[in-house]
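Letter by letter, the chains look like this.
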Amino acid sequence: LSLPRGRPTRHQHTMVLLVLYVKAELENVASITFPRNLQWCFDVKDAQSDESKEGVFVCAEDVAEVDGSKGDANFAMRFPDCKKQCTITFDEVKKLCRDTITAEDSGEFVPIMGFDCRGLEITKWQPTDGYVVKSTGGTVWEDVDLGADPDGWYEYCDKCGESVSIQELTFEFRTHKAK
């Protein structure tokens, strides 16, 4: 058995596991939860060219068939000049990722979800709606849009009588090396 050397050809798709890390400054926020049925919005780029697509929605509960494979993915697409299908499959990366950012995480990057990308790269996360925010006073807001206002998300908690906010929401993707 000989393995191909050098760069993959246009017909091979190498697997890259990207982990989304999210950081925010939290004021009187106990937690931000990323529900399993969340519609994630990404900008993606063809791994073999400069072609890109903005505003692609991907959900962990979606199942897409992969051409010529018995497996499936959570998302599949083709770039116009590429014959091969590109896929994204959610990977919760045990002992690393979690679906909640807590008050103790304020100002720190937290690994939220892994994405097994084949044939494409995720270049940007665009926060939309669907997040669940809980204040330190116990008030819960469902279907919060973290991308609506570039300055942040602001609310008032009647239970604790204080303002509640999520500011300086930033992210980065880090390549995860499987152990």
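Position numbers for residues start from 1 in each chain and track the written sequence from start to end. At least 70 in pLDDT is required for a residue's local features to be given in this predicted model, at least 80 for side-chain atom pairs to be given and counted, and no such filter applies to totals for whole chains, interfaces and linings, which use all residues. Computation of side-chain values: all heavy atoms of the structure, hydrogens and water removed.

*Asks:* Mind showing me how you'd approach the nonpolar core here?
*Replies:* The tendency in soluble globular proteins is for nonpolar side chains to be buried side by side. Formed by 40 residues in total, the largest nonpolar core has its most connected members in Phe34, Trp40 and Phe115. Residues count as neighbours in contact if any of their non-hydrogen atoms are within 4.5 Å of one another. Ignoring anything within four residues of it in the chain, the contact list for tryptophan 40 reads Leu20, Phe34, Val56, Phe57, Val58, Phe90, Ile112, Met113, Phe115 and Trp125. Leu17, Tyr21, Val93 and Cys97 belong to the second largest nonpolar core, which has 5 residues in total. We call a set of buried residues a nonpolar core when its members are Ala, Val, Leu, Ile, Met, Phe, Trp, Tyr or Cys and they connect through side-chain atoms within 4.5 Å of each other. With a 1.4 Å probe rolled over the protein chains alone, any residue whose accessible area is under 20% of its type maximum counts as buried; one over 50% counts as exposed, and the rest are partly exposed.

*Asks:* Can you walk me through the packing of aromatic side chains in this structure?
*Replies:* The geometry of an aromatic ring pair is captured by the separation of the ring centres together with the interplanar angle, meaning the angle of the planes. Any Phe, Tyr or Trp ring, taking Trp's six-membered ring, that has another such ring centre within 6.5 Å forms a pair; planes under 30 degrees apart are called stacked, those over 60 apart edge-to-face, and the others tilted. Enumeration over the complete set of coordinates arrives at 14 aromatic pairs. Ring centres of phenylalanine 34 and tyrosine 131 lie 5.2 Å apart, and the angle between their planes is 85 degrees; on these two criteria the pair is classed as edge-to-face. Here tyrosine 131 lies in strand E12 (residues 131-135) and phenylalanine 34 lies in the loop between strand E2 (29-33) and strand E3 (39-46), a separation of 97 residues in the sequence. Here phenylalanine 34 and tyrosine 131 have matching classes, each one buried. Between tryptophan 40 and phenylalanine 42, the ring centres sit 6.1 Å apart and the planes meet at 15 degrees, which makes this aromatic pair stacked. Exposure remark for tryptophan 40: the relative accessible area of 3% places this residue in the buried category. Each residue in the set Phe34, Trp40, Phe42, Phe90, Phe115, Trp125, Tyr131, Phe171 and Phe173 is aromatic and connected to the rest through ring pairs, giving one cluster. Against the face of tyrosine 21 rests arginine 174, its NZ or CZ located 3.8 Å from the ring centre. Only DSSP runs of H or I with at least four residues qualify as helices, and only runs of E with at least two residues qualify as strands; both kinds are numbered from the N terminus onward. By the criterion adopted, a ring carries a charge over it if an Arg CZ or a Lys NZ lies within 6 Å of its centre and within 35 degrees of its normal.

*Asks:* Help me understand the environment of cysteine 59 in this model?
*Replies:* Along the chain, cysteine 59 falls in strand E4 (residues 52-59). Looking at cysteine 59, the relative accessible area reads 3%, which means it is buried. For the pair cysteine 59 and aspartate 143, spaced 84 residues apart in sequence, the C-alpha to C-alpha distance is 15 Å. Each residue touching cysteine 59, except ones within four places of it in the same chain, is listed here: Arg36, Asn37, Leu38, Gln39, Asn74 and Phe90.

*Asks:* Which parts of the structure should I look at to understand the pairing of strand E10 (residues 110-118)?
*Replies:* In summary, the side chains of a regular strand alternate between the two faces of the sheet. Most of E10 sits out of view: 8 of its 9 residues are buried. The sheet contact formed by strand E8 (residues 86-91) and E10 spans 5 bridges and is antiparallel. Bridge pairing in E10 places aspartate 91 opposite glycine 114. A strand pair is defined by DSSP finding two or more bridges across the two strands.

*Asks:* I would appreciate a short explanation of unusual backbone geometry in the present structure.
*Replies:* Excluding glycine, residues mostly have negative phi values, and the peptide bonds linking residues are mostly trans. With a phi close to 55 degrees, asparagine 28 is a non-glycine residue in the positive phi region. Owing to a relative accessible area of 21%, asparagine 28 belongs among the partly exposed residues under this scheme. Although it is not a glycine, aspartate 143 adopts a positive phi angle of roughly 55 degrees. Here aspartate 143 is to be found in strand E13 (residues 140-144).

*Asks:* What's the story with the side chain of serine 165 in this structure? I'm lost.
*Replies:* In this fold, serine 165 is placed in strand E15 (residues 162-175). If near-sequence neighbours (up to four positions away) are discounted, serine 165 is found in contact with Glu25, Leu26, Glu27, Val29, Trp153 and Tyr154.

*Asks:* Honestly, the side chain of threonine 139 in this entry has me stumped. Any pointers?
*Replies:* Mapping threonine 139 onto the fold places it in the loop between E12 and E13. Taking the relative accessible area as the measure of exposure, threonine 139 reaches 16% and is therefore buried. Those residues in contact with threonine 139, other than ones at most four positions away along the chain, are Val133, Lys134, Cys157 and Lys159.

*Asks:* What is the right way to look at a negative patch on the surface in this model?
*Replies:* A surface patch of like charges, here negative, comprises Asp129, Glu142, Asp143 and Asp145. Looking at where glutamate 142 falls in the secondary structure, it is placed in strand E13. Accessibility expressed as a relative area gives 58% for glutamate 142, which makes it exposed. Nonpolar side chains (Val, Leu, Ile, Met, Phe, Trp, Tyr) are joined into patches within 5 Å and like charges within 9 Å, using only residues with over 30% relative accessible area and no salt bridge. The Shrake-Rupley method, run with a 1.4 Å probe, gives the accessible areas here. Residue values count only the displayed protein chains as cover. Definition used for salt bridges: Asp or Glu carboxyl oxygen within 4 Å of a side-chain nitrogen of Lys or Arg. As used throughout, the charge tally considers Lys and Arg to be positive and Asp and Glu to be negative, leaving His and the chain termini uncounted. For the purpose of locating charges, the reference atoms are NZ of Lys, CZ of Arg, CG of Asp and CD of Glu.

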